[in-house]
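Coordinate inspection notes
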Amino acid sequence: MSTWPIHPLRGGVHPPECKALSNQQPIQSAPLPKQLIVPLLQHLGSTTEARVSVGDYVLKGQLIADSANLISAPVHAPSSGIVSFIGPQPYPHASGQLMDAIVIDTDGLDQWCSLEALPHFYQASAEELLDKIRQAGISGLGGAGFPTVIKLSPAPNQPINTLIINGTECEPYITADDVLMREKAPQLLLGIDILVQILQPENVLIAIEDNKPEAIAAVRGALQSRRYHVIAIPTIYPSGGERQLIEILTGQQVPSAKLPAQLGILCQNVGTAVAVHDAVIEGKPLISRITTLTGQALQKPMNVECLIGTPAIELLEFTGLQKAQMSRLIVGGPMMGFTLPSVDAPIIKTSNCLLAATAEELPAPPAALPCIRCGDCAEVCPANLLPQQLHFYALGDDHPQLQAHNLFDCIECGACAYVCPSSIPLVQYYRAAKADIREQAQKLAKAEHAKERFEFRQERLRLEDERKEAERQARAERLAKSKAEQAKKAAQAQAADPAEASQAQAEDELKRLKIAASMAQVALRKAEKQLDIHNTEELQSQVEQLRMAVEQAKQNLDAAKPAKTVNDGPTDDEIKRLKIAASMAQVALRKAEKQFETHDTDELKVQVEQLREASAQAKQTLDSATAASSTVSAPATTEKAAKAEFSPAEQAQKKAKIEVAMKRAALRKAERNEADAATLTTLQAELTQAEQDLAALN
Amino acid sequence: MTLPRITSPHAKGANRTQRVMLLVIAATVPGILTLSYFFGIGPLLNIVLACAFALLFEAAILALRKRPVGFFLKDGSVLVTGLLLALALPPYSPWWLIAVATGFAVVFGKQLFGGLGQNPFNPAMLGYVVVLVSFPVDMTAWPAAHSVDAIAGLQHVFFGQAFPDAWSQATVLDALKINSSLTIEELWNSSSAFGVFAGYSSEWVNLAFLLGGLFLLHKKLFSWHAPLGMLAALFIMSLLFWNGNGSDSQGSPLFHLLSGATMLGAFFIVTDPVSSATSVQGRLIFGIGVGVLIYIIRAWGGYPDGVAFAVLLMNLCAPTIDYFTRPRTYGHKAAKRGFKAGE
């Protein structure tokens, strides 16, 4: 085993390690809690959906939630029991927001479902192994909790040459990976074997900070014939940051905003590798993890193997929590961890440490003084930023300068704030500034989108207008042209054939007469209507006069007509018009009938009745017109037939029918409104009368 | 059970701004002792008066600005300003001279720009320059070593009683500047003001400040870039333009390193983080600029020493230096530099 060259970390700090607090005894197993709170989202990516319902009995290891989305990890029941609730529950997140979770009331039996182990993994294909890892719901156990299977499936053009197994554990206090390596080195190496089988990397580097000599010895001892490099790197925070570790081990820097895969490098946490071992070789899904329980508010700090979903308070009480002493409860370490909003929040796949700190241990920082630009922050920044400048620009909301000073390359490790002599909460400023910039970018994108849509609409309307304008012009031109042509034709006709001209004149005359006749008819109808309403003598005489005028007009018309119409009968045009009228009446009738079918009201019934008659009449008119046009006998009769007035008998019948329907409607209405008996009787009588009238007419 | 919600990091290093200021004050002790050895209670009177005035002015203007007086007086920065000003002024400076200098330094140099951390110029140097150009006679009246007794000194400081002529002496920088006839050897023999390499008192005082500066460097209060840049630039300039020991000599490199306010400037003024450039590379450039300017002013300017002017001139350049000396961030191919913020 040759020594691997190491590139020292840029910057970094040495906060008190406080690791001896929790790594002095072997891993204990936590007691089975009465209730498990299993959140549906425990990883980076999309949330899962519950695949069980309240009341279901679940076995340990049974799938209880999954997602169709690729960037997700299924969730399994950590113990057997009954699903008692699915909904919002406390959740370990800096925001303090609740998260949907499946609550399982454990039955104490801790009964496993059947597991499919794959002990001879070296015979399996990469696809099989990847599927196994996905089915086991493994997401990164060290940091952000990215679904492992996604990381293990690099793009075909970016093969992984170097697999880095991260056992640095550079955060103070946390010893979960330390004890895991000490106690589970053989499983760790088998897990790495599986990863190697999937990725086929050239180099496998297992990095461990040199403050963990027992872990280094254990892993080296379990290596056997494997050609993996176990590298002890100098203890400095944040050497365990993915990008930092890559530079320490390879001297390469991961390009800004890119993934390590671009360099052919993949990092996995030691805990994740052990979880891969458990998933493949034992078939066990990820339902438990090793968590450090530490801090001076605990009487017996230790590492426990605990079920996912165990409420924090149960673990803290198991290790002797002195509630009065605890001034803050942190998930993770003192550099990058976040305070837990509630002690009821559960352990999830990424919870590597619960730090119950006393006020003496992690005192509240003194009030911040102004920055004196001492530059200590820039000296310790592992990303080689200028934190003091970022602070100034953040104070002034100078987003362009913040971005020019590479704010988004900040990994929020907290080294700058740790060393700041003025106790300025620098990381808070950066988080807020990043959120601000992201929000503004979103707003900008939205506004841009809206603007684009608006401009598109304006353009569309403009084109529409243009098209309409062009059509209007074309129409106007056509009209002018046809007018001119008509005028020309008329002039030609007059010049060429006086006889024809006289015929044209006669036609014009006929047209005029027709109009006069119909106008007289209209005036008469109007007057008649008025007469119906106000029956005065003046009106009566007026109507009489009008009727005469109409007769006169008709006679005039008839006199003018014979010459032309005598042999023609009803013109084709006329028939067409009648046909259209008939079919329209038919359509209206059908519509009304349909409506009637759905809403059986009496008003509708009346309407339908009327329409039916109108339609029948239209048809009749059409038939007679057609007959007339085919026989071409007496023009006067045809004309009359074509006009097809109702006979008085028919009209009376129709009226009676309507009367009956209306009476019926009135009666029904009264019945509906629960009118008194007298009214009902009267209406009934009226209806009977109307029916009798109708029968008499028929 | 409600738990406090605090964002990371939760751990906090032990370093505090007050500690930084106290260390600076502690590091001046060798210099103060050496000065007192040569000039009696003069430097101490300067310090007491300057610090008292500085606190007074700071408190008054903080009250006017409606800022918490106690909180900001405790940060110790105004004491450092007063102290450094006191060390730069000639021993036994009249009380009113000290009042004007500290007043200008604290009120105009610092608080009117927004107080701690906001001043573009080094306040002590600003106050120093104001009295230097306003009261040149008093400012060049350095007493000869071991000449002034305490009673006369007190009378001079508080009641304006003049010293006997024999007690005052031109500084060696001054002597070299006005010399046009004597060779260096003759000059050295002509006055008791000269010592081995530079002034009889100034070389020891400079060495004492160097000692204090090395202590601060050891304590990692600042990086080596600015002080070394300044001293190296001054050394190289004086070496390049060293024209021998004739009557037109500009002085040897060692003469320049151990004269005037060189070491005080290098370790206590140029290292002021507020008014200096902020990146490591920027600080190197800042220091070099100060060193070059000091030599130019000493050799060809109108004043015998140029530390204060050089520092103020470079203070003007610091923001620009910052724009052009940003480091290359992790994962970036090249550093983004220049005034423009856009991509």
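Residues numbered from 1 in each chain as written. Chains lettered and ligands numbered in written order. Predicted model: local features only at pLDDT ≥ 70, side-chain atom pairs only at ≥ 80, totals over all residues. Heavy atoms only, no water.

1. Topic: the overall build of chain A
Each helix and strand in chain A was counted, giving 21 helices and 17 strands. By the compact-globule yardstick of 26 Å for 698 residues, chain A is too spread out, its C-alpha radius of gyration being 47 Å. Contacts spanning at least 24 positions in sequence make up 72% of the contacts within chain A whose residues lie at least 6 apart. Split by element, the accessible area of chain A, about 36000 Å² in all, is 54% carbon and sulfur. (Helix = DSSP H or I, 4+ residues; strand = E, 2+ residues; numbered from the N terminus. Rg over C-alpha atoms; globule rule 2.2 N^0.38 Å. Contact = heavy atoms within 4.5 Å. Areas by Shrake-Rupley, 256 points an atom, 1.4 Å probe, with all protein chains shown as cover.)

2. Some thoughts on the overall build of chain B
Looking only at helices and strands, one finds 17 helices and zero strands in chain B. Here the C-alpha radius of gyration of chain B, 21 Å, is about what a compact globule of 343 residues would show, namely 20 Å. Taking the principal axes of its C-alpha atoms as reference, chain B extends roughly 80 × 50 × 30 Å. By the burial criterion, 57% of the 343 residues in chain B qualify as buried. Taking as baseline every contact in chain B between residues at least 6 positions apart, the subset at least 24 positions apart corresponds to 71%. As displayed, chain B has an accessible area near 14600 Å², and 69% of this comes from carbon and sulfur atoms. Considering chain B, the positive charge centre built from 20 side chains and the negative charge centre built from 14 side chains are found 26 Å apart. (Buried < 20%, exposed > 50% of the residue type's maximum accessible area, 1.4 Å probe, protein only. Lys, Arg positive; Asp, Glu negative; His and termini not counted. Charge placed at Lys NZ, Arg CZ, Asp CG, Glu CD.)

3. A short note on the side chain of T319 of chain A
All names here are of chain A. As for its position among the elements, T319 is in the loop between α8 (312-318) and β15 (326-331). Residue T319 is classed as buried on the basis of its relative accessible area of 0%. Those residues in contact with T319 that lie beyond four places of it in its chain are L293, L298, Q299, K300 and M302.

4. Section: the nonpolar core
L87, L89, Y128, F209, L216, F268 and V290 of chain B are the most contacted members of the largest nonpolar core, which totals 83 residues. Per-element tally for this core: the top contributor is helix α17 (residues 307-324) of chain B, with nine residues. Counting contributing residues per domain, this core is built from domain 1 (17-169) and domain 2 (170-321) of chain B, each supplying no fewer than three. Grouped together as the second largest cluster of nonpolar side chains are 66 residues, L195, A222 and V280 of chain A together with A11 of chain B included. (Core = buried A, V, L, I, M, F, W, Y, C linked by side-chain atoms within 4.5 Å. Domains from an automatic or database assignment.)

5. Overview of the domain arrangement of chain B
Residues and elements named next belong to chain B. According to the domain assignment, chain B consists of domain 1 (17-169) and domain 2 (170-321). Computed from C-alpha atoms alone, the centre-to-centre distance between domain 1 and domain 2 is 20 Å. Carbon and sulfur atoms supply 78% of the area that domain 1 and domain 2 bury against each other, a total of about 2700 Å² over both sides. Considering only the side of domain 1, the residues that lose the most area to domain 2 are N122, M125 and Q169, jointly responsible for 21% of the buried surface there. For the pair domain 1 and domain 2, the interface holds zero salt bridges. Taken together, the connections running from domain 1 to domain 2 amount to two residue pairs in polar contact (both at pLDDT 80 or more). Elements with a contribution of two residues or more to the side of domain 1 that touches domain 2: α1 (17-27), α2 (29-39), α5 (77-88) and α7 (123-134). Classifying every residue of the side of domain 1 that touches domain 2 by side-chain character gives 21 nonpolar, nine polar and one charged. (Buried area = accessible area lost by both parts, 1.4 Å probe. Salt bridge = Lys/Arg side-chain N within 4 Å of Asp/Glu carboxyl O. Polar contact = N/O pair within 3.5 Å; in protein donor to acceptor, adjacent residues only side chain to side chain. Nonpolar A, V, L, I, M, F, W, Y, C, P; charged D, E, K, R; others polar.)

6. Quick word on the packing of aromatic side chains
With the rule as written, the count across this model stands at 18 aromatic pairs over all chains. Ring geometry for F121 of chain A against Y122 of chain A: centres 5.4 Å apart, planes inclined by 70 degrees, an arrangement best described as edge-to-face. F121 of chain A gets classed as buried once you look at its relative accessible area, which sits at 6%. Between F209 of chain B and F268 of chain B, the ring centres sit 5.8 Å apart and the planes meet at 70 degrees, which makes this aromatic pair edge-to-face. Highlighted residues: F209 of chain B in helix α12 (residues 202-218) and F268 of chain B in helix α15 (residues 262-269), separated in sequence by 59 residues. (Phe/Tyr/Trp six-rings, centres within 6.5 Å; stacked < 30°, edge-to-face > 60°.)

7. Considerations on the sheet that holds strand β5 (residues 63-66) of chain A
All names here are of chain A. Read across the open sheet, the three strands follow the order β3-β5-β6; overall the sheet is antiparallel. With partners counted over all chains shown, the strands left at the sheet margins are β3 (49-50) and β6 (75-76), one partner each. Note: β3 against β5, two bridges, orientation antiparallel. Each bridged residue has a counterpart across the sheet, and for A50 the counterpart in β5 is A65. (Pairing = 2+ DSSP bridges.)

8. Focus on the pattern of salt bridges
Residues and elements named next belong to chain A. Counted according to the given criterion, the structure contains 22 salt bridges over all chains. E439 is the partner of K443 in a salt bridge, and the nearest nitrogen-oxygen pair spans 3.7 Å. Here K443 and its partner E439 are both found in helix α13 (residues 426-496), four residues apart, which amounts to about one turn of the helix. Beyond isolated ion pairs, a larger network of salt bridges with shared partners links D178, R182 and E214.

9. Thoughts on the confidence of the model for chain A
When pLDDT is averaged along chain A, the result is 86; 91% of the residues meet or exceed 70. Predicted confidence is poor over residues 633-644 of chain A, with pLDDT under 50, and the contacts of this stretch with residues over four places away or in other chains come to 12 contacts. (pLDDT = per-residue confidence, 0-100.)

10. Section: the sheet that holds strand β13 (residues 288-294) of chain A
Strand order in the open sheet formed by six strands is β1-β14-β13-β17-β15-β16 (chain A), and the pairing between neighbours is mixed. This sheet does not close on itself; its edge strands, each paired only once, are β1 (28-29) and β16 (338-339) of chain A.

11. Thoughts on the pairing of strand β10 (residues 203-209) of chain A
On any regular strand, side chains alternate: one points to one face of the sheet, the next to the other face. All names here are of chain A. Most of β10 sits inside the fold, with six of its seven residues counted as buried. As judged from the six bridges shared by strand β9 (residues 162-167) and β10, these two strands associate in the parallel manner. Across the sheet, residue L163 finds its bridge partner in β10, namely V204.

12. Some thoughts on the confidence of the model for chain B
Mean pLDDT for chain B: 90, with 98% of residues reaching 70 or above. Complex prediction metrics read pTM 0.74 and ipTM 0.89.

13. Focus: helix α5 (residues 213-222) of chain A
All names here are of chain A. Every buried residue of α5 is accounted for by A215, I216, V219 and A222. Each buried residue of α5 lies within a common arc of 140 degrees when the element is viewed along its axis, so the set occupies one face. As for α5, its buried residues are in contact with α3 (176-183), α4 (185-199), β10 and β11 (229-233). (Arc of directions from axis to C-beta.)

14. Structural notes on the packing of helix α1 (residues 126-135) of chain A against helix α7 (residues 270-281) of chain A
Residue and element names in this part refer to chain A. Contact geometry for α1 and α7: axes closest at 9 Å, N-to-C directions at 105 degrees. With respect to α7, the axis of α1 lies roughly perpendicular. Facing L129, K132 and I133 of α1, the residues of α7 in contact are V276, A279 and V280. When the residues that make up the contact of α1 with α7 are grouped by side-chain class, the tally is five nonpolar, no polar and one charged. (Axes fitted to C-alpha atoms, helices over the stretch in contact; angles between N-to-C directions. Parallel < 35°, antiparallel > 145°, perpendicular 65-115°, else oblique.)

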